[in-house]
Amino acid sequence: LEATGRSSSATADYLLPIMTSMEERYEHARMRQKNHEQYDGMETFQMFKDLAEEGHAASQCTTAMALRAMGKHAECLEMLTRAASQDNPRALTQMGVFHYNGDCGLEASHEKSIEYYRKAAELGERRAMLHVAMMMEEGEGCEKNAEVAADMYRELTLDDDPIAAEAAYHLGVLCVSGEL
């Protein structure tokens, strides 16, 4: 690469026409997104949008969130619904957020929100599992159950990430409150 004078990013752009799989093209678009200072944001958005239109769920989710940032809520919701229907954990979690807050034209519904969160949690989405635990702790959209919420918090604390720290905080609050 150095001999050609191209950076690895430029080489990836050069090879784009021969990238055949959606996953290769998706990873290339993600690389461009992470190195946004080197690339035109609308070009990168178009790459995700093209993949989304081909049915790539992760690209549908990424495109949906970009559309939301552009204020195109109806298009965002349509694209996110397509990704969620393919059981994309990130899309399911975001649908849970939208239903919880009544965002993008949806009516707030804790019952629908927890359904999306539960499905995403079953697929391994830790953020969704944290939301389920918090909602169970408060009885939002479901029966209040501090014991089950505490068990979920404990499970989430086993990893070393920001979600584990958040879960540890909520578990501590439950312990101090006397609900356990």
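First, a word on what this report is: a plain description of the structure on this page. (Residues numbered from 1 in each chain as written. Predicted model: local features only at pLDDT ≥ 70, side-chain atom pairs only at ≥ 80, totals over all residues. Heavy atoms only, no water.)

**What about unusual backbone geometry?**
Selection criterion: To qualify as a helix, a DSSP run of H or I must reach at least 4 residues; to qualify as a strand, a run of E must reach at least 2; elements of each kind are numbered from the N terminus.
Of note, Asp-87 is a non-glycine position whose phi angle comes to about 60°, a positive value. With respect to the helices and strands, Asp-87 occurs in the loop between α5 (73-85) and α6 (89-101). One non-glycine residue, Cys-104, lies in the positive phi region at around 55°. Note that Cys-104 resides in the loop between α6 and α7 (110-122).

**Here we look at the side chain of Asn-88**
Filter applied, for reference: To sort residues, take the accessible area from a 1.4 Å probe on protein chains only and compare it with the maximum for the residue type: under 20% means buried, over 50% means exposed, and anything in between is partly exposed. Counted as a polar contact is a pair of N or O atoms within 3.5 Å, where, for protein atoms, one must be capable of donating a hydrogen and the other of accepting one, and residues adjacent in sequence contribute only when both atoms are in side chains. The contact definition used throughout considers only heavy atoms, calling two residues in contact when any of these lie within 4.5 Å.
Mapped onto the fold, Asn-88 is located in the loop between α5 and α6. Residue classification places Asn-88 among the buried positions, given a relative accessible area of 12%. Polar contacts involving the side chain of Asn-88 include one to the main-chain amide nitrogen of Ala-91, which spans 2.8 Å. Not counting chain neighbours up to four residues away, the residues in contact with Asn-88 comprise Ala-57, Ala-58, Cys-61 and Ala-83.

**Here we look at the environment of Ala-64**
Take Ala-64: it is sitting in helix α4 (residues 57-69). The class for Ala-64 is buried, based on a relative accessible area of 0%. C-alpha separation for the pair Ala-64 and Ala-52, spaced twelve residues apart in sequence, amounts to 9.2 Å.

**Structural notes on the nonpolar core**
Filter applied, for reference: Here, the term nonpolar core denotes a set of buried Ala, Val, Leu, Ile, Met, Phe, Trp, Tyr and Cys residues that are joined through side-chain atoms within 4.5 Å.
Membership of the largest hydrophobic core comes to 39 residues, with the highest contact counts inside it found for Leu-80, Phe-98, Met-136 and Tyr-153. Take this core: its biggest share by element is seven residues, from helix α8 (residues 126-138). Setting aside residues no more than four positions away along its own chain, Tyr-153 makes contact with Leu-130, Ala-133, Met-134, Glu-137, Ala-167, His-170, Leu-171 and Leu-174. Formed by six residues, the second largest nonpolar core is a distinct cluster that contains Tyr-26, Phe-48, Leu-51 and Ala-58.

**Points about the side chain of Thr-62**
With respect to the element layout, Thr-62 can be found in helix α4. Under the relative-accessibility criterion, Thr-62 is labelled buried at 10%. Setting aside anything within four residues of it in sequence, one finds Thr-62 in contact with Tyr-26, Gln-33, Phe-48 and Arg-90.

**Considerations on the environment of Tyr-117**
Within the element layout of this structure, Tyr-117 appears in helix α7. Separated by 28 residues in the primary sequence, Tyr-117 and Pro-89 have C-alpha atoms spaced 8.8 Å apart. If we skip the residues at most four places from it in the chain, Tyr-117 touches Thr-93, Gly-96, Val-97, Tyr-100, Ala-128, His-131, Val-132 and Met-135.

**Here's the deal with the packing of α8 against helix α10 (residues 162-177)**
As a reminder of what qualifies: Where helices are involved, their axes are fitted lines through C-alpha atoms of the stretch in contact, as for all axes, and angles between N-to-C directions lie from 0 to 180°. Any angle that is under 35 degrees is reported as roughly parallel, and any over 145 degrees as roughly antiparallel; angles of 65 to 115 degrees are reported as roughly perpendicular and all others as oblique. In this scheme the crossing of two helices becomes right-handed for a clockwise turn of the near helix relative to the far one and left-handed for an anticlockwise turn of less than a right angle. In the scheme used here, Gly and all other residues not listed as nonpolar or charged are polar, with Ala, Val, Leu, Ile, Met, Phe, Trp, Tyr, Cys and Pro taken as nonpolar and Asp, Glu, Lys and Arg as charged.
It is at 10 Å that the axes of α8 and α10 come closest, and there the two elements cross at 15°. Classed by the angle they form, the pair α8 and α10 counts as roughly parallel. Crossing angle aside, the handedness with which α8 passes α10 is left-handed. The segment α8 lies against α10, with Arg-126, Arg-127, Leu-130, Met-134 and Glu-137 engaging Ile-163, Ala-164, Glu-166, Ala-167, His-170 and Leu-174. When its residues are assigned to classes, the contact of α8 with α10 shows six nonpolar, one polar and four charged.

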